[in-house]
Amino acid sequence: MYTGLAILLIFVYLIICSILSARRRRIVQDTSILLKKLFDINRQYTFDWSVQRAYTYRISLNSKPKYDRYELIDLLDENILHNDELSQAVTKIVSNRSIYESYSKEVEKLKSEVTPEEIKELHISYSKYVKIEQKLFSEEQLRPILDCEITCIASYTSPQRRNHYSKSTKYSILDASKRAKMIEKCTEEKNSEEMRRKRARSKMTDKMRYSILKRDGFRCQICGRTANDGVKLHVDHIMPVSKGGETEPNNLRTLCEACNLGKSDEIE
């Protein structure tokens, strides 16, 4: 009997405490100037809340050696390039970060303005009021998504399924975005260099080749041999095209096949 009564009293006590706690929260919510200013600031800022907090990409390898050699950064690279979903996520996160920087500066300026005299008639202690106010202030601050994780997972399962291996790594989407830009830049530079080399080689016309051979007296500029010595003459780039050389008369000379092959792409 006494046990049941004790449980009932505890239950009643908890209900009363819950009611009092809710009442105090309402009092603070209705009277706090700090909270009203925070709500005003919150209404001024619009964040994008549609960003996913995490992305996961998986690959299953068909042999243990392939699994052992596989680098998870390769799985990241496969998915960050030309991926509209991730590109949109990065755009949203960058926007949220920019807006949040201004938002947080305004919020940091807010301070409690309540005084003991102002809350005497609220039937709540000053310390309790300030404690609840600060808790509500923290709860009501906007916390947009400012980053998200990309998890890359590689796995291998033996044919008889007796053994299973798995490895994973997490990347920040912003770090992944920077890597994607670096890869794209390197690709653009590579393509640009290949186009430059192609243009440089296309300038070597029959007319220019003959002009250089004639200028050099149809003689190898290293060993001095001519076609009469049974050698085949080439027109060589002094500064190789692969190292930035252009197809221009001052960068061209006559070499025999042996000297040209021996020189390769070295600069002399």
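Residues numbered from 1 in each chain as written. Predicted model: local features only at pLDDT ≥ 70, side-chain atom pairs only at ≥ 80, totals over all residues. Heavy atoms only, no water.

Draft legend 1. Structural view of unusual backbone geometry. With phi around 60 degrees, arginine 161 is a residue other than glycine that occupies positive phi space. On the secondary structure map, arginine 161 appears in the loop between strand E2 (149-157) and strand E3 (164-172). Judged by relative accessible area, which is 66%, arginine 161 ranks as exposed. For phenylalanine 218, which is not glycine, the phi dihedral falls at a positive 50 degrees. Topologically, phenylalanine 218 is positioned in the loop between helix H8 (206-215) and strand E4 (233-237). (Helix = DSSP H or I, 4+ residues; strand = E, 2+ residues; numbered from the N terminus. Buried < 20%, exposed > 50% of the residue type's maximum accessible area, 1.4 Å probe, protein only.)

Draft legend 2. Structural detail: the pairing of strand E5 (residues 252-256). Most of E5 is tucked away: five of the five residues are buried. Side-chain alternation along E5 places Leu252, Thr254 and Cys256 on one buried face and Arg253 and Leu255 on a second face that is also buried.

Draft legend 3. Quick look at helix H2 (residues 33-44). For H2, with twelve residues, the first-to-last C-alpha span of 17 Å sits near the 16 Å given by 1.5 Å per residue. For H2, the complete set of buried residues consists of Leu34, Leu35, Leu38, Ile41 and Asn42. Down the axis of H2, the smallest arc covering the buried residues is 120 degrees, so these residues share one side. Away from the buried face of H2 by more than 90 degrees, exposed residues Arg43 and Gln44 are located. With a side-chain oxygen positioned 3.3 Å from the backbone nitrogen of leucine 34, the residue opening H2 is serine 32. (Expected span 1.5 Å × (residues − 1). Arc of directions from axis to C-beta. Polar contact = N/O pair within 3.5 Å; in protein donor to acceptor, adjacent residues only side chain to side chain.)

Read these as geometric descriptors, not functional statements.
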